[in-house]
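Observations on the three-dimensional arrangement
Each chain, written out:
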Amino acid sequence: MVSGYSGYSEELKSILENAKNEISNATDSKQLNDLRVKYLGKSGIVTSLMKKLKDLPPEERPNFGKVVNELKDEIEGLLEERKSQLMESEKQLLYKKLWVDPTMPGARRARGHLHIITKVQKELEDIFISMGFSVVEGPEIEQPWFNFDALNTPEWHPARDAHDSFYINDEYMLRTHTSPVQIRTMLSRKPPLAIVAPGRVYRRDYDATHLPMFTQMEGLYVDHDVTVKHLKYFLEEFARRLLGENTKVRLRPSYFPFTEPSFEVDIYFNNRWFEVLGAGMVHPNVFKNVGYDPEEWRGLAFGLGIERIAMVKYGVKDIRDLVRNDIRFLENW
Ligand code: PHE
């Protein structure tokens, strides 16, 4: 067969030729490894040539063995060479990726800040604290008695329908306003007292000026000679401190079951009137429900919408923007 052979037969030459081509075309180490298996693996092309050795006449075996070994070494060398080429270019790629420009400005860590609802709530707390009020809180999951009945709003009362919203069961509901905190406070403290109670409230509403969950701040001041004059004074004072000296406040007659008389309160700011709170003088029935003597005590109460005030102060058009959590919007303040 390969008698008198020295150098590669045609067969071996074409194997070598193919190997050279394939190896130089390999573009990653996976392909290269496949080629190693194809040529030098257990049942690879070169390995199976070796297995033919035993079928040859004895005198041809040494030479054949020698050339197949040379072929094997040569392919091995090609694989190694290609391997280091690929490693080098992968390294270069990595360097490119990791390359740092020391002249670039440093990466700045974005600092968060309080949401404007929280900011306005804190500002309001500070203002009322400075006027002698203390800050209290009540539960968001409330009993209808605190949310309605004790506030002179019995089961049959039409004002109740307008508020009836999220019930957990017959005994518990999400409070529709912060006014139940008036009741909880009066049940646990003796008059005189002055409190504000910020917190979340829930109603079945959703549009550009209403959210199903929003934030109120309740105010309650109970003493011997409290009148509407005091109410107007506190409202004007807080509006001026929060929005500026020239802010005007207007009281319009309104109706709440738990105050008498009752007012809708508007604030004039940036050439417009904004409706931001409800207020009034505590109804005698409310005092009776908490065991205060209505002959002895007078009270003023108000409930303001913190989102509304934030909208007025920061010029927000759509109340829903406050809860969309879009950083591009929130970053403005
Ligand atoms: N609780 C009323 C509301 O949410 C506001 C209010 C509070 C009115 C206190 C009068 C007194 O609409």
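Residues numbered from 1 in each chain as written. Predicted model: local features only at pLDDT ≥ 70, side-chain atom pairs only at ≥ 80, totals over all residues. Heavy atoms only, no water.

As recorded by an unreviewed UniProt entry, the protein carries the name Phenylalanine--tRNA ligase alpha subunit and is attributed to Fervidobacterium pennivorans. As its UniProt record puts it under Subunit (unreviewed entry), the protein is described as follows: "Tetramer of two alpha and two beta subunits." Quoted verbatim from the Catalytic activity (unreviewed entry) field of UniProt, the annotation for the protein is "tRNA(Phe) + L-phenylalanine + ATP = L-phenylalanyl-tRNA(Phe) + AMP + diphosphate + H(+)". (UniProt positions renumbered as here; feature names shortened; annotations may be inferred.)

**Section: the overall build of the protein**
Across its full length, the protein holds twelve helices and nine strands. The globule rule puts the C-alpha radius of gyration for 333 residues at 20 Å, and the 42 Å found for the protein is more than 25% above it. A fraction of 64% describes how many contacts in the protein between residues 6 or more apart in sequence connect residues 24 or more apart. Accessible surface computed for the protein: about 19300 Å², of which carbon and sulfur atoms make up 52%. (Helix = DSSP H or I, 4+ residues; strand = E, 2+ residues; numbered from the N terminus. Rg over C-alpha atoms; globule rule 2.2 N^0.38 Å. Contact = heavy atoms within 4.5 Å. Areas by Shrake-Rupley, 256 points an atom, 1.4 Å probe, with all protein chains shown as cover.)

**Focus: the sheet that holds strand β4 (residues 193-202)**
The sheet built from seven strands is open, its strands ordered β1-β4-β5-β9-β8-β7-β6 with mixed pairing. Only two strands of the sheet have a single partner each, and these edge strands are β1 (134-135) and β6 (248-256). The pairing of strand β7 (residues 259-269) with strand β8 (residues 272-282) spans nine bridges and is antiparallel. The residue bridging Y268 from the neighbouring strand is W273, located in β8. The sheet strands contacting helix α8 (residues 180-188) are β4, β5 (213-223), β8 and β9 (298-305), and the helix crosses β5 at an angle near 40 degrees. The strands touched by helix α11 (residues 306-314) are β5, β7, β8 and β9; relative to β9, the strand with the most contacts, the crossing angle is about 60 degrees. (Pairing = 2+ DSSP bridges. Axes fitted to C-alpha atoms, helices over the stretch in contact; angles between N-to-C directions.)

**Notes on the side chain of T259**
Structurally, the position occupied by T259 is in strand β7. Note on T259: relative accessible area 3%, which makes it buried. Side chain to side chain, T259 and S262 meet in a polar contact 2.6 Å long. (Buried < 20%, exposed > 50% of the residue type's maximum accessible area, 1.4 Å probe, protein only. Polar contact = N/O pair within 3.5 Å; in protein donor to acceptor, adjacent residues only side chain to side chain.)

**With respect to the pairing of β9**
Of all eight residues in β9, seven are buried, a share of seventy percent or more. As paired strands, β5 and β9 are joined by eight bridges and run antiparallel to one another. By the bridge assignment for β9, G219 is matched with F302.

**Remarks on the domain arrangement of the protein**
Assigned domains of the protein: these are domain 1 (9-98) and domain 2 (116-330). Computed over C-alpha atoms, the centres of domain 1 and domain 2 are 84 Å apart. (Domains from an automatic or database assignment.)

**A word on the site of the ligand**
Of all residues adjacent to the ligand, which total 14 residues, the nearest are H177, S179, R203, Q216 and G303. S179 places a polar side-chain atom, nitrogen or oxygen, 2.9 Å from a nitrogen atom of the ligand. Between the ligand and Q216, the relevant distance is 2.9 Å, taken from an oxygen atom to a side-chain nitrogen or oxygen of the residue. Counting residues per element, the ones that place at least two in the shell around the ligand are β5, β8 and β9. For the shell around the ligand, the element with the highest residue contribution is β9, accounting for three residues. Counted by class, the shell around the ligand contains five nonpolar, seven polar and two charged residues. (Near = heavy atom within 4 Å. Nonpolar A, V, L, I, M, F, W, Y, C, P; charged D, E, K, R; others polar.)

**Quick notes on the pattern of salt bridges**
Under the definition given, this model contains 21 salt bridges. One salt-bridge network, in which partners are shared between bridges, spans R250, R252, D266 and E275. (Salt bridge = Lys/Arg side-chain N within 4 Å of Asp/Glu carboxyl O.)

**Re unusual backbone geometry**
Omega for the peptide link from P191 to P192 comes to 0 degrees, which places this bond in the cis form. Within the element layout of this structure, P192 appears in the loop between α8 and β4. For the bond from E260 to P261, the omega torsion is 0 degrees, close enough to zero to count as cis. Its location among the elements puts P261 in strand β7. Its identity is not glycine, yet N270 carries a phi of approximately 50 degrees, on the positive side. As for its placement among the helices and strands, N270 is situated in the loop between β7 and β8. In this structure, N325 takes a positive phi of about 60 degrees despite not being glycine. As for its placement among the helices and strands, N325 is situated in the loop between α11 and α12 (327-330). Owing to a relative accessible area of 58%, N325 belongs among the exposed residues under this scheme.

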